[in-house]
Amino acid sequence: MSTALRRGLFLILVLIAWEAGFRIFDWGWKFPSVTQTFQAFYDGFVHGQLLEATFQSMKRLVLSFVISITVGTVLGFLFARYRWLDDTIGFLVVALQTIPSIAWLPFAIIWFGMNDFSVIFITMLGATWTMAMSSRTGIKNIPTIYIKAAQTMGTGDGFRMFYQVMVPAAFPHMMTGVRVAWAFAWRALVAGELIAKGVGLGQLLQDGRNLADTALMLCIVIIIAVLGTVSDSLFFKRMEDKLLIRYGLVSHKK
C-alpha cells in the first residue's frame, strides 16, 4: 500500500470519528462537526474572505521570511568568521532567541502603529535569530580544506568566499534552520495578526472567536496546517533532499 493511500484512508477514518464524536457527545457550538466545517470552507471561499485573508497573510509571511533568511545568514557568517562578534552580539542573539517574538508586539505597535509593519517586524524576529544560529553552526562546520582550497584558487576572504564557498557548503545544515525558521515565522505571524489590525488569517481567527464561530476558527487552523505542511513537503524538504544528495551526505534513491 502506497504512502498516499495510507494517508488517505487515515484521513477518512479521522473524519468519520470526528463526525461520530460530534453526534454522540453533543459538542454543540464548542467544536464544529465535519459538515459545519465544510460549510464554513464553502462560504469562506465563495464570499472570498478566506482567500483574501490567506493571500494577505502569505504576502506578509513571504516578505518577512525573505528578510529573515537574508539577515540571519549574514549574521551567522559574521559570527562564524569573527570571534569577537560571536562572543558579544552572538551571545545577545542567543538570549533574544529565547524570547517569544510576540513579546515585542507592544513595542512594534508603539514604533510602527497597528499595521502591517508591526506584524512583519515580529514575524521577521520570529525567524531571524533561528536562522542566524543555524547558519553560524553550518559555517563553523565547513571543513577547513574547503576554505584553503578556495583561497588557493583566488576567492580571497571577502564576499566571494561567502557566496561561492561558505553558503553552498553550509547549506545542507542551514536547510534545517530554514525549515524551523519557516515554522517560527508562521507562529509569529498569526500571533501578530490576532492583535494588530488588517486582513489576515489571524484577524479572521479573532473575528471567529468574537462571533463564537468555531467552524470558521477551525477552518483557519486547517488552512495554516495545510499551507505549512505543503510548503515544507513540496519545497523545503525536496530542496534539503537534493542538497544532501549533491553533497554526498546521503545516497541517491532510485
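Below is a short write-up of the structure. Remember, predicted model here, so these are calculated numbers, not experimental data.

**Observations concerning the packing of aromatic side chains**
Then, number 1: Across all of its chains, the model carries 14 aromatic pairs by this definition.
Then, number 2: Judged by centre distance (6.4 Å) and plane angle (75°), the rings of F22 and W27 are edge-to-face.
Then, number 3: Looking at F22, the relative accessible area reads 16%, which means it is buried.
Then, number 4: Looking at W27, the relative accessible area reads 30%, which means it is partly exposed.
Then, number 5: Taking 5.0 Å as the distance between ring centres and 80° as the angle between the ring planes, the aromatic pair formed by F65 and W182 counts as edge-to-face. In this pair, F65 is assigned in helix α3 (residues 49–81) and W182 in helix α8 (residues 159–195), connecting sequence segments 117 residues apart. In terms of burial, F65 and W182 fall into one category: buried.
Then, number 6: Feature note: the residues F65, W182, W186, F235 and F236 constitute an aromatic cluster, connected by ring pairs.

**Considerations on the pattern of salt bridges**
Then, number 1: Tallying each qualifying case throughout the model produces 6 salt bridges.
Then, number 2: When the shortest N-O distance is used, the salt bridge between R23 and E19 registers 2.9 Å. Placement of the pair is R23 and E19 together in helix α1 (residues 3–25), with a separation of 4 residues, close to one helical turn.
Then, number 3: Since its relative accessible area comes to 59%, R23 is described here as exposed.

Scoring rules and cut-offs
- Residues numbered from 1 in each chain as written.
- Predicted model: local features only at pLDDT ≥ 70, side-chain atom pairs only at ≥ 80, totals over all residues.
- Heavy atoms only, no water.
- Phe/Tyr/Trp six-rings, centres within 6.5 Å; stacked < 30°, edge-to-face > 60°.
- Buried < 20%, exposed > 50% of the residue type's maximum accessible area, 1.4 Å probe, protein only.
- Helix = DSSP H or I, 4+ residues; strand = E, 2+ residues; numbered from the N terminus.
- Salt bridge = Lys/Arg side-chain N within 4 Å of Asp/Glu carboxyl O.

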